[in-house]
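Letter by letter, the chains look like this.
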Amino acid sequence: MTVAVEPARVFGSGIRRREDPRLLTGTARYTDDIVLPGLAHAAILRSPHAHALIMRIDTSRARTAPGVLGVFTAADTDGILTPIPCCWLLPGSKLKTTPYHPLAKDAVQYVGDPVAVVVAESPYQAQDALELIDVEYEPLPAVVDPQKAAQQGAPALHAEAPDNVAFHWTVTGGDVDAAFKCADVIVRERIVQQRLIPNAMETRGAVAQFVPATGELTLWNTTQNPHIVRFVMSLVTGIPEDRLRVIAPEVGGGFGSKIAQIPGDFITVFCSMKLGRPVKWTETRTENYQSTTHGRDHVQEVELAATRDGRVTGLRCTVWAGMGGYLSTAAPGIPTILHGLMLSGPYTIPAVKEDVYGVYTNTTPVEAYRGAGRPEATFMLERMMDRLADEIGLDPVDVRRRNIIPPFQNGHDVITGLKYDSGNYEGALAKVLEHVSYDALRAEQKAARDKGRYIGIGVSLYVEICGLGPSQVAGAVGFQGGLWESAIVRFHPSGKVNVFIGASPHGQGEETTFAQIVADELGVAVTDVKVVHGDTDATPMGWGTYGSRTTAVGGAALAIATRKIKDKAKLLASHLLEAAVEDIDYSSGRFFVRGVPDRHKTIQDIALMANVAWNMPEGMEAGLEATSFYDPPNFTYPFGAHVAVVEVDPETGHVTLKRYVAVDDCGPQINPVIVEGQVHGGVVQGIGQALWEEAVYDDTGQLLTGSLADYAIPRADMLPDIEVLSTVTPSPHHPLGVKGIGEAGTIASTCTVYNAVIDALEPFKVQSVRMPLTPERVWRAIREGAERGAGAPPLDTLGAP
Amino acid sequence: MKLPVTITINGRAYQREIEPRLLLVHFLRDMAGLTGTKIGCDTSQCGACTVLLDGVAMKSCTCLAAQADGASITTIEGLSADGQLAPIQEAFWAKHGLQCGFCTPGMVLATRALLETTPQPTPEQIRHALEGNMCRCTGYQNIVRSVQHAANMMGGRP
Ligand code: FES
Ligand code: FES
């Protein structure tokens with residue numbers, strides 16, 4: 001007897017990435033690697049003041065420096081560049097936008113605000129000439145803390161917003177005041193979600209080639225969304241969109257920092273327009289810290305109401321979200337739509353209210369950073385869950401279980417007005433607890449504590465909103481664009497396939513996973529599919545790669561396009577096989593007459609016949625190609641449960657991360673190896689926020705963590721291995737059931753590690769420590785706890801300071 | 001003032017007249033046209049610019065091109081021959097040791113230097129050896145696996 005062996009399905013297999021050979025051999029081309037005949041080089045002079053009036057700029061000496069082709073200031077851009085638009089105009093929030101000029105006009109609003117640009121024959125000459133520009137400033141008082149900036153009497157940045165409040169947004173659900181009035185227990189905390197610098201390893205940059213004779217612009221740009229760049233660039237420069245080609249070549253990571261169009265992009269294009277030569281601008285890392293958008297920067301005051309037995313009855317909070325000196329492209333939507341609507345997380349919470357103040361401060365503009373709003377919401381909620389557990393003397397896991405939303409497969413309404421697609425939060429929690437042997441771990445913790453060792457355990461649940469669309473919702477919440485994606489699938493006569501997508505992956509591996517989708521749907525070899533992206537002249541419109549949406553939305557567009565192809569191919573097969581279409585079956589790339597598998601046509605046969613078109617059915621067009629524009633009916637909601645184990649050295653305050661376990665559910669996995677890689681990277685970025693990273697400004701607005709020497713991104717020797725597990729709960733509305741995984745790790749890991757550290761400090765009655773949890777801060781918290789007494793180990797048992 | 005230098009890169013001699021202040025990394029990228037070597041910072045932290053100078057791993061942004069006069073450099077472009085990936089490159093591919101790829105040339109060359117001196121490194125040794133090479137995408141875990149896999153493929157031989 002022979003056993004039929006199903007061929008291994010390519011969807012779901014961890015095949016190697018086809019992106020890698022070019023990246024591994026140094027043959028990939030990033031923006032800074034682009035060289036064009038006659039290429040000139042731009043360098044940007046940036047404000048050394050956080051807040052100042054520009055009294056006078058003298059560029060005469062720079063103009064005559066060796067190799068200099070041009071020196072420009074805001075005055076030169078008049079009538080050529082408009083201000084940079086904010087593209088998320090939150091309705092009902094009294095949003096106050098202000099002119100955001102690519103080159104600052106009369107005043108500067110942050111250290112790094114561009115003031116002038118030099119273009120020269122070489123980058124060194126451009127840098128040299130910057131030193132020869134004289135700018136006279138009249139410094140003004142500055143403000144960097146968002147909560148302070150919103151207080152009366154704070155220095156005002158913009159006449160349009162004299163109180164510095166760019167918007168005030170509110171979300172409410174249920175009767176939150178009643179919940180607090182009747183609460184058995186109320187816990188409160190002030191949380192600072194410190195400002196972070198995204199640190200994609202490739203800094204931002206642009207190469208602009210404007211051809212005066214044709215009025216056409218080609219722009220190579222370090223971007224996550226070339227089609228949005230084309231749209232916005234056309235608005236600002238007046239170059240018609242059809243003459244404007246944006247290419248995102250190889251892009252070295254983004255994490256949200258390559259979504260916005262920043263001043264340098266427009267300045268580079270402007271220089272090329274003025275000089276009629278191609279111009280390149282590449283940030284130095286130090287410049288990147290000032291000029292590319294930052295993330296987070298919330299001050300949160302949170303209170304949670306509950307019954308004595310641990311049922312949450314209300315959540316109320318006020319957030320001051322720093323926006324920086326100007327509103328960046330998508331900035332207003334991040335601490336609001338992507339944050340406030342996720343307030344109740346994976347729990348049944350009957351009443352919520354949040355007030356969010358977006359506040360101008362004299363700092364670099366803030367944008368999306370991996371997770372964008374959702375880590376800040378998850379942190380808040382998971383922190384308060386631990387506080388509640390502590391208050392009523394329950395285990396943190398038990399408190400969560402008392403409030404968790406039961407499993408659902410097809411829609412669950414939550415109090416903020418969202419409808420989650422599918423979830424099994426208890427399943428993820430059970431899996432992670434079993435994996436770490438939670439009860440045994442707690443016993444170990446206790447035994448260690450008896451020996452004077454401080455182990456801490458953090459447990460977090462999360463659910464995130466991603467797969468952004470639908471476009472109708474985008475419009476309703478003020479996003480000035482759509483949120484659909486598109487795909488074209490084209491069969492060539494030889495049976496090879498090109499896929500063209502509007503999204504723009506930059507390290508996530510969709511050239512591979514999208515080929516897997518096509519191979520799975522159409523039965524072609526995965527190696528016969530090539531995915532093209534990142535060039536607006538070659539690809540259909542798409543809104544970009546962020547919000548874990550490329551696979552969730554673009555992947556759906558692709559699946560639908562392949563199914564359209566299959567439908568057409570079946571009709572053609574029936575014609576060629578001279579059988580009724582109802583009698584045609586399909587399996588693994590073959591169409592055959594039911595019951596007569598020998599009478600068949602392969603998809604490659606069909607592709608050839610469709611392309612030569614010798615024998616088409618009446619009314620059928622030639623070619624085998626399909627386009628799909630997919631606008632999702634709902635968001636997707638991945639979720640998971642994570643556990644961290646830390647040890648704190650009470651003598652030094654040093655935190656050692658001993659173990660990290662992630663259970664994530666992003667629906668069916670197209671390529672589990674790539675999913676695992678996304679989780680690793682995401683988790684580590686979130687750990688970075690908990691333990692090491694912060695963009696620090698002094699009170700005058702100087703960026704103290706001004707280079708990679710001062711800003712602590714995680715290094716290889718600072719981390720344990722991350723244990724990655726998963727559960728699979730398909731999205732009911734997605735053609736492949738997939739949800740998205742790019743941000744999951746970051747959303748969960750900051751609070752998980754933070755809660756673990758606070759748990760380790762339980763004997764010292766420490767309830768909060770400002771992030772990042774540096775040894776000094778932890779050490780101080782321990783001392784203060786010990787000094788307060790209250791059963792804490794006495795100071796002299798902790799060793800010498 | 002221009003200085004004449006001769007620097008051998010991946011076995012080929014490049015004779016150029018350079019400004020004395022020119023950094024080696026700019027020589028590689030701009031004068032030799034070998035853009036595989038990346039620049040990720042301006043404070044010698046990130047390791048994206050790592051190359052081998054006379055067999056020793058070094059950050060090419062910390063060295064003047066003039067100092068490398070007469071030296072022999074290996075860059076990422078010099079590792080694979082005839083379209084065949086070198087074992088370290090194969091290992092990074094097999095173990096998903098890269099995502100955006102920007103840190104990868106530096107990581108691969110730092111790995112090569114590590115395996116020269118420590119043909120069978122432990123995970124701790126690998127993490128320690130690569131602490132000067134930053135990666136923002138992978139969380140390093142698959143890079144460690146890649147290095148271990150490379151060591152195994154190379155049978156403990158440097
Ligand atoms: S570019 Fe040389 S260490 Fe960063
Ligand atoms: S793979 Fe992107 S920085 Fe390492």
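Residues numbered from 1 in each chain as written. Chains lettered and ligands numbered in written order. Predicted model: local features only at pLDDT ≥ 70, side-chain atom pairs only at ≥ 80, totals over all residues. Heavy atoms only, no water.

Novice: Run through the nonpolar core, naming residues and quoting values.
Specialist: If you look at the biggest cluster of nonpolar residues, it comprises 220 residues, and the most contacted ones within it are L217, Y420, L429, I687 and L761 of chain A together with F92 of chain B. No other element matches helix α19 (residues 744-760) of chain A, which puts 10 residues into this core. With 47 residues, the next largest nonpolar core counts I517, V531, A561 and A607 of chain A among its residues. (Core = buried A, V, L, I, M, F, W, Y, C linked by side-chain atoms within 4.5 Å. Buried < 20%, exposed > 50% of the residue type's maximum accessible area, 1.4 Å probe, protein only. Helix = DSSP H or I, 4+ residues; strand = E, 2+ residues; numbered from the N terminus.)

Novice: Account for the interface of chain A and chain B, naming residues and giving values.
Specialist: For an interface, size is often stated in terms of accessible area lost upon the parts coming together. Taken together, the contact between chain A and chain B spans 52 residues of the former and 47 residues of the latter. Across the interface of chain A and chain B, roughly 4,300 Å² is buried in total on both sides, 54% from carbon and sulfur atoms. Counting the surface chain A buries against chain B, the share from its top three residues, L24, Y124 and M201 of chain A, is 19%. For the pair chain A and chain B, the interface holds nine salt bridges. (Contact = heavy atoms within 4.5 Å. Buried area = accessible area lost by both parts, 1.4 Å probe. Salt bridge = Lys/Arg side-chain N within 4 Å of Asp/Glu carboxyl O.)

Novice: Kindly report on the domain arrangement of chain B, identifying the contributing residues and their values.
Specialist: All names here are of chain B. Partitioning chain B into structural domains gives domain 1 (3-78) and domain 2 (87-153). The C-alpha-based centres of domain 1 and domain 2 are spaced at 21 Å. Contacts between domain 1 and domain 2 engage 16 residues on the former and 12 residues on the latter. Taken together, both faces of the contact between domain 1 and domain 2 bury some 1,100 Å²; the carbon and sulfur share is 68%. Together, T50, L52 and I76 form the three largest contributors to the area buried by domain 1 at its contact with domain 2, with a combined 40%. The interface formed by domain 1 and domain 2 includes zero salt bridges. Across the contact surface, domain 1 and domain 2 share four residue pairs in polar contact (both at pLDDT 80 or more). Elements represented by at least two residues in the side of domain 1 that touches domain 2 include exactly β3 (50-53) and β4 (56-59). No other element matches β3, which puts three residues into the side of domain 1 that touches domain 2. Here the side of domain 1 that touches domain 2 is composed, by residue class, of seven nonpolar, seven polar and two charged. (Domains from an automatic or database assignment. Polar contact = N/O pair within 3.5 Å; in protein donor to acceptor, adjacent residues only side chain to side chain. Nonpolar A, V, L, I, M, F, W, Y, C, P; charged D, E, K, R; others polar.)

Novice: Explain the pattern of salt bridges to me, and be specific about the residues and the numbers.
Specialist: In total, this model carries 60 salt bridges over all chains according to the counting rule given. Across the pair R659 of chain A and E723 of chain A runs a salt bridge, and its minimum N-O distance is 2.9 Å. On the criterion of sequence distance, the pair formed by R659 of chain A in strand β27 (residues 655-665) and E723 of chain A in strand β28 (residues 722-726) is long-range, its members being 64 residues apart. Look at R659 of chain A and you get partly exposed, because its relative accessible area is 24%. Across the salt bridge formed by E762 of chain A and K765 of chain A, the nearest N and O atoms sit 3.9 Å from each other. Residue class for E762 of chain A comes out partly exposed when judged on its relative accessible area of 34%. Shared partners join several salt bridges into a network, and the residues in it are D32, D33 and K280 of chain A together with R29 and K38 of chain B.

Novice: Can you tell me about the packing of helix α18 (residues 672-691) of chain A against α19 of chain A, naming the residues and giving the values?
Specialist: Residue and element names in this part refer to chain A. In the contact formed by α18 and α19, the axes pass within 7 Å of each other and the chain directions differ by 45°. Between α18 and α19, the angle falls in the class oblique. Between α18 and α19 lies a crossing of right-handed hand. Seen from α18, the contacting residues are V679, G682, V683, Q685, G686, I687, Q689, A690 and L691; seen from α19, they are G745, T746, S749, T750, V753, Y754 and V757. The class makeup of the residues in the contact of α18 with α19 is eight nonpolar, eight polar and no charged. (Axes fitted to C-alpha atoms, helices over the stretch in contact; angles between N-to-C directions. Parallel < 35°, antiparallel > 145°, perpendicular 65-115°, else oblique. Left-handed = near helix turned anticlockwise from the far one by under 90°.)

Novice: Lay out the sheet that holds β28 of chain A in plain terms, naming residues and giving numbers.
Specialist: Either a parallel or an antiparallel arrangement is found when strands of a sheet pair, and the pairing is made through backbone hydrogen bonds. Residue and element names in this part refer to chain A. Across the sheet, four strands lie side by side as β18-β26-β27-β28; this open sheet has mixed pairing. Strand pairing shows two members of the sheet lacking a second neighbour, β18 (454-463) and β28, which therefore form its edges. On average, each strand axis in the sheet is inclined to that of its neighbour by 15°, with strand direction left out of account. Sheet topology note: the β27/β28 ladder contains five bridges and is parallel. Bridging from a neighbouring strand, Y660 pairs with I722 of β28. Strand contacts of helix α12 (residues 425-436): β18, β26 (639-648), β27 and β28, with the helix running at about 30° to β26, the strand carrying the most contacts. (Pairing = 2+ DSSP bridges.)

Novice: Describe the packing of aromatic side chains, naming the residues involved and giving the relevant values.
Specialist: All names here are of chain A. Within this structure, the stated rule accounts for 15 aromatic pairs over all chains. Taking the centre distance of 5.8 Å and the plane angle of 70° together, the rings of Y289 and Y711 count as edge-to-face. Placement of the pair is Y289 in helix α9 (residues 285-291) and Y711 in the loop between α18 and β28, with a sequence separation of 422 residues. Here Y289 matches Y711 in class, with each residue buried. Ring centres of W484 and W543 lie 6.3 Å apart, and the angle between their planes is 90°; on these two criteria the pair is classed as edge-to-face. Residue W484 is found in the loop between α14 (471-476) and β19 (485-491), and its partner W543 is found in the loop between β21 (529-532) and α16 (550-576); the two are separated by 59 residues along the sequence. One aromatic cluster in this structure is built from Y100, Y110 and Y326. Cation over ring: R316 sits above F180, and NZ or CZ is 4.0 Å from the ring centre. (Phe/Tyr/Trp six-rings, centres within 6.5 Å; stacked < 30°, edge-to-face > 60°. Lys NZ or Arg CZ within 6 Å of the ring centre and 35° of its normal.)

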